[in-house]
Amino acid sequence: MSAVHRADRQAVGGSRFLYDSFDLAQARIEAQERVDEERRAGLDYRLGRIEAGLERLEKRLWLTVYGVAAGVLAHGALALMAVRL
């Protein structure tokens, strides 16, 4: 407990037992908030890695699609050239 909180209590008066349970609850809340922040940071990191992987996968997929399309067009062009000869 900080000195500021103690000074506030002494100015108001009252037993420390009246405030101890509130201090404990506040400490638990603050600890849970820190844990939540760390979990969120971990999730953000993993989500960023997943998104980067999906972008790479999408690029590979489009490269494959364009490669197949180019192969089909080249095959068609060769077939046309063979027919004209």
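Just so you know, the residues in each chain are numbered from 1, in the order the chain's sequence is written. Owing to the predicted nature of the model, reporting of local features is limited to residues with pLDDT of at least 70; listing and counting of side-chain atom pairs is limited to 80 or more, with chain, interface and lining totals taken over all residues. Side-chain calculation: all heavy atoms of the structure are included, whereas hydrogens and water are not.

Undergrad: How do you make sense of the overall build of the protein chain when you look at a structure like this?
TA: When helices and strands are tallied, the protein chain shows two helices and zero strands. Exposed residues in this analysis have more than 50% of their type's maximum accessible area, buried residues have under 20%, and partly exposed residues fall in between, with area computed by a 1.4 Å probe over protein chains only. Buried residues in the protein chain amount to 1% of all 85 residues. Per-residue accessibility takes into account occlusion by the displayed protein chains alone, with areas from the Shrake-Rupley method and a 1.4 Å probe. Looking at the protein chain as shown, the accessible area adds up to about 8,000 Å², and 64% of this sits on carbon and sulfur atoms. By definition, any uninterrupted DSSP run of H or I lasting at least four residues is a helix, any uninterrupted run of E lasting at least two residues is a strand, and each is numbered from the N terminus.

Undergrad: Any chance you could explain a negative patch on the surface here in plain terms?
TA: Patch membership is restricted to residues that have no salt bridge and whose relative accessible area is over 30%. Joining uses 9 Å for like charges and 5 Å for the nonpolar side chains Val, Leu, Ile, Met, Phe, Trp and Tyr. We define a salt bridge as a side-chain nitrogen of Lys or Arg found within 4 Å of a carboxyl oxygen belonging to Asp or Glu. Within this scheme the basic residues Lys and Arg register as positive and the acidic residues Asp and Glu register as negative, but His and the chain ends are omitted. For the purpose of locating charges, the reference atoms are NZ of Lys, CZ of Arg, CG of Asp and CD of Glu. Together, Glu30, Glu33, Asp36, Glu37 and Glu38 make up a negatively charged patch on the protein surface. Inspection of the secondary structure assignment puts Asp36 in helix H2 (residues 16-84).

Undergrad: What is the right way to read a nonpolar patch on the surface from this model?
TA: Taken together, the side chains of Leu47, Ile50, Leu54 and Leu57 make up a nonpolar region of the molecular surface, amounting to roughly 400 Å² of accessible area. Locating Leu54 in the fold gives a position in helix H2.

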